[in-house]
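Here is how the chains run, residue by residue.
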Amino acid sequence: MDPFRAFHTKIQVLANLNENIVNSHFPEELDHCVARRKKPKTSAKADNSWSISSDSNDNAVPGPATIPRGPPRLRPALPQEVIELILRDLSKVELLPVLRSNKALYSVAVRVLYRELAESSPSRLISLLRALLPQTHVHPHVRKLDLNIAALECPTANLYRTLHALLRRTTGLASLSLDLPKAHSPVWIFEGCSFKLRQFSTSMHCSPALARFLDTQDRIVQLTLRGFQNDTMRSLPYLYMDITHTLTGIPGSGAIEILKKQEAGLEPFVLSPGALPRLAVFNAIHAGPAVVGEVVKGRPVTTVSIPLFSTNARRSLDALEGSAVPLKRLSIISFDPDAPNYIFEQVATRFPELEALHIVVLLAEFTNELLLAACQHLRHFKRLKYITCVATSSEESSVAEEQEIAEKWHEECPTLRTIILPRGRVWFQKPARISSDRNWECLED
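Residues numbered from 1 in each chain as written. Predicted model: local features only at pLDDT ≥ 70, side-chain atom pairs only at ≥ 80, totals over all residues. Heavy atoms only, no water.

Enquirer: I'd like to hear about the overall build of the chain, residue by residue, with values.
Expert: In terms of regular secondary structure, the chain is built from 17 helices and 13 strands. When burial is assessed residue by residue, the chain has 43% of its 445 residues classed as buried. Across the chain, every contact between residues at least 6 apart in sequence was considered, and the portion connecting residues at least 24 apart equals 67%. A total of about 23300 Å² of accessible surface is found on the chain, and carbon and sulfur atoms cover 54% of it. (Helix = DSSP H or I, 4+ residues; strand = E, 2+ residues; numbered from the N terminus. Buried < 20%, exposed > 50% of the residue type's maximum accessible area, 1.4 Å probe, protein only. Contact = heavy atoms within 4.5 Å. Areas by Shrake-Rupley, 256 points an atom, 1.4 Å probe, with all protein chains shown as cover.)

Enquirer: Describe unusual backbone geometry, listing the residues and the values that go with them.
Expert: Even without being a glycine, L276 presents a positive backbone phi close to 50°. Within the secondary structure, L276 is located in the loop between α11 (253-264) and β6 (281-284).

Enquirer: Now, about helix α8 (residues 157-169): what can you tell me, with residues and values included?
Expert: Over its 13 residues, α8 runs 19 Å from end to end, which matches the ideal 18 Å to within 8%, given 1.5 Å per residue. Among the residues of α8, L159, Y160, T162, L163, H164, A165, L166 and L167 are the ones counted as buried. (Expected span 1.5 Å × (residues − 1).)

Enquirer: Describe the nonpolar core, naming the residues involved and giving the relevant values.
Expert: The nonpolar side chains of a soluble globular protein tend to be buried, and buried together. Residues F190 and W409 are the most contacted members of the largest nonpolar core, which totals 102 residues. Not counting the four nearest positions on each side in its chain, W409 is found in contact with F344, L371, A374, C375, L378, I387, L416, I419 and L421. (Core = buried A, V, L, I, M, F, W, Y, C linked by side-chain atoms within 4.5 Å.)

Enquirer: Give a description of helix α12 (residues 289-296) that names residues and reports values.
Expert: Burial runs high along α12: 6 of the 8 residues are buried. When α12 is considered as a whole, its buried residues turn out to be P289, V291, V292, G293, V295 and V296. Along its buried surface, α12 packs onto β5 (222-225), β6, β7 (303-308) and α13 (313-320).

Enquirer: Can you explain the side chain of Q217? Please cite residues and give values.
Expert: Relative to the helices and strands, Q217 resides in the loop between α9 (208-215) and β5. Only 3.4 Å separates the side chain of Q217 from the side chain of T216, close enough to count as a polar contact. Not counting the four nearest positions on each side in its chain, Q217 is found in contact with F195, K196, L197 and L276. (Polar contact = N/O pair within 3.5 Å; in protein donor to acceptor, adjacent residues only side chain to side chain.)

Enquirer: Can you lay out the environment of K408 for me, pointing to particular residues and giving the numbers?
Expert: Its location among the elements puts K408 in helix α17 (residues 399-412). Considered as a pair, K408 and L378 are 30 residues apart in the sequence and their alpha carbons are 10.0 Å apart. Setting aside chain neighbours within four positions, we find K408 in contact with L372 and C375.

Enquirer: Describe the packing of helix α4 (residues 80-87) against helix α6 (residues 103-115), and please don't skip the residues or the numbers.
Expert: Helix-helix packing is characterised by the crossing angle of the two axes and by the distance between the axes. Put simply, α4 and α6 touch, their axes get as near as 10 Å, and they point 45° apart. With respect to α6, the axis of α4 lies oblique. Seen from above, α4 lies across α6 with right-handed handedness. On the side of α4, the interface is formed by Q80, I83, E84 and L87, while α6 contributes L105, S107, V108, A109, R111, V112 and R115. When the residues that make up the contact of α4 with α6 are grouped by side-chain class, the tally is 6 nonpolar, 2 polar and 3 charged. (Axes fitted to C-alpha atoms, helices over the stretch in contact; angles between N-to-C directions. Parallel < 35°, antiparallel > 145°, perpendicular 65-115°, else oblique. Left-handed = near helix turned anticlockwise from the far one by under 90°. Nonpolar A, V, L, I, M, F, W, Y, C, P; charged D, E, K, R; others polar.)

Enquirer: For a nonpolar patch on the surface, give the residues involved together with the corresponding values.
Expert: Taken together, the side chains of L78, V82 and I86 make up a nonpolar region of the molecular surface, amounting to roughly 250 Å² of accessible area. Relative to the elements of secondary structure, L78 occurs in the loop between α3 (44-47) and α4. (Patch = residues over 30% accessible without salt bridge, like charges linked within 9 Å, V, L, I, M, F, W, Y side chains within 5 Å. Salt bridge = Lys/Arg side-chain N within 4 Å of Asp/Glu carboxyl O.)

Enquirer: Tell me what's going on with the environment of L113, and back it up with residues and numbers.
Expert: Along the chain, L113 turns up in helix α6. Overall, L113 belongs to the buried group, its relative accessible area being 11%. When the C-alpha positions of L113 and L96 are compared, they lie 8.7 Å apart, and in sequence the two are 17 residues distant.

Enquirer: Kindly report on the environment of M204, identifying the contributing residues and their values.
Expert: The residue M204 is located in the loop between β4 (199-202) and α9 in this model. Between the C-alpha atom of M204 and that of F228, which follows or precedes it by 24 residues, the distance is 7.5 Å. If we skip the residues at most four places from it in the chain, M204 touches L178, L180, S185, P186, V187, I189, F190, L210 and G227.

Enquirer: Break down the side chain of T170 for me, with residues and values.
Expert: Along the chain, T170 turns up in the loop between α8 and β3 (175-179). For T170, a relative accessible area of 1% corresponds to the buried category.

Enquirer: Quick one: what's the story with the pattern of salt bridges, residue by residue and with numbers?
Expert: For the structure shown, the criterion picks out 14 salt bridges. We note a salt bridge from E84 to R115, for which the minimum N-O separation is 2.3 Å. With a gap of 31 residues between them, E84 in helix α4 and R115 in helix α6 connect regions that are remote in the sequence. Given the relative accessible area of 23%, R115 is considered partly exposed. The partner of R350 in a salt bridge is E321, and the shortest N-O contact between them spans 3.7 Å. Taken together, the positions of R350 in helix α14 (residues 343-350) and E321 in the loop between α13 and β8 (329-334) put the pair 29 residues apart, joining distant regions of the chain. Since its relative accessible area comes to 16%, R350 is described here as buried. Judged by relative accessible area, E321 falls into the partly exposed class, the value being 45%.

These figures come from the coordinates and say nothing about function on their own.
In structure tokens, the structure reads:
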């Protein structure tokens, strides 16, 4: 797996842990938690709601023995929408007997079976494409495609032509994820497609051809660009310049000059002003400030995940300021060795309306001194609830030291609810009605 994509996956897991899992176990109001556990006491007679009532009247609920049984039905009595919700809990293997039962259940089960298709094995993908193409009756039911053939060294043109034919037939497609080999960017497979996506993720290069395709997708809400900005940058990404600088101390200015010359002769990735009018979530895995700015500018983007490199970190953050609405959630994967010295200040001054901030620093350490120094910047946040700060570190911190950091952060930013610090400990604020000497507790306690 691409290391960039792996880092992006990890930071999304941390964000989910911070924003969803932790707070689901620690509600703000203790009374609310207690109230949910209390149930009204009911008598044994009340519990047996299907027993025959002692009062003989027309409104009495009939017991099982009094319910008349009619002839077996070929068509289920439940609405198809309810049956579909039930069948969604079955695996694809478990759906096969349902398909063979009768026509009524088949019509529902076939929609569930083909609604979401995912494949990462090249051989099974080819079999899937060949099996799907002749079955024209199932094409409208496909809503989500997740195809990963990045491990395939040299996909043939016939494979892309077959994929192109399937994409043209799946007119109801709403979510598409294509992970292809790094050297491949066959945007032509979208020619003639009439679907309107809500989610789109691709490893294709951020080229003018891809921009033209995005211009036609006015319903996209979530966009993930994992490809490099152009063909030449994939062989010399900024990441390796940062690693070289970290290991040798040499800034690598020669490599930077090469990149600048290459970028000057390339066609830019430019979207039309009216493209992506509904975009709310944007994830960039390799993209630099030019692509980030082009996607975010003038669009209602509230959730962003971007990489930061030493050569253009501040420019990438500047590019995010072009959003038409304030950012609510920001995830950063930093490859800049100097990031701990500026990251909190630069983010706080630009995005004071953030509700969630997740930072992963890979080529530097966060010392306790740097974390405490961040207090002066955290006070700029008005609504920040969740913060994640993860980095490699050779320095061990005690629980007491991290508790001091969490409490001081909360003093400067009273809206904080959960904190994940570099050593991986999860800190949460106790409910107000629990009396304790400590306002913040570690999940390990």
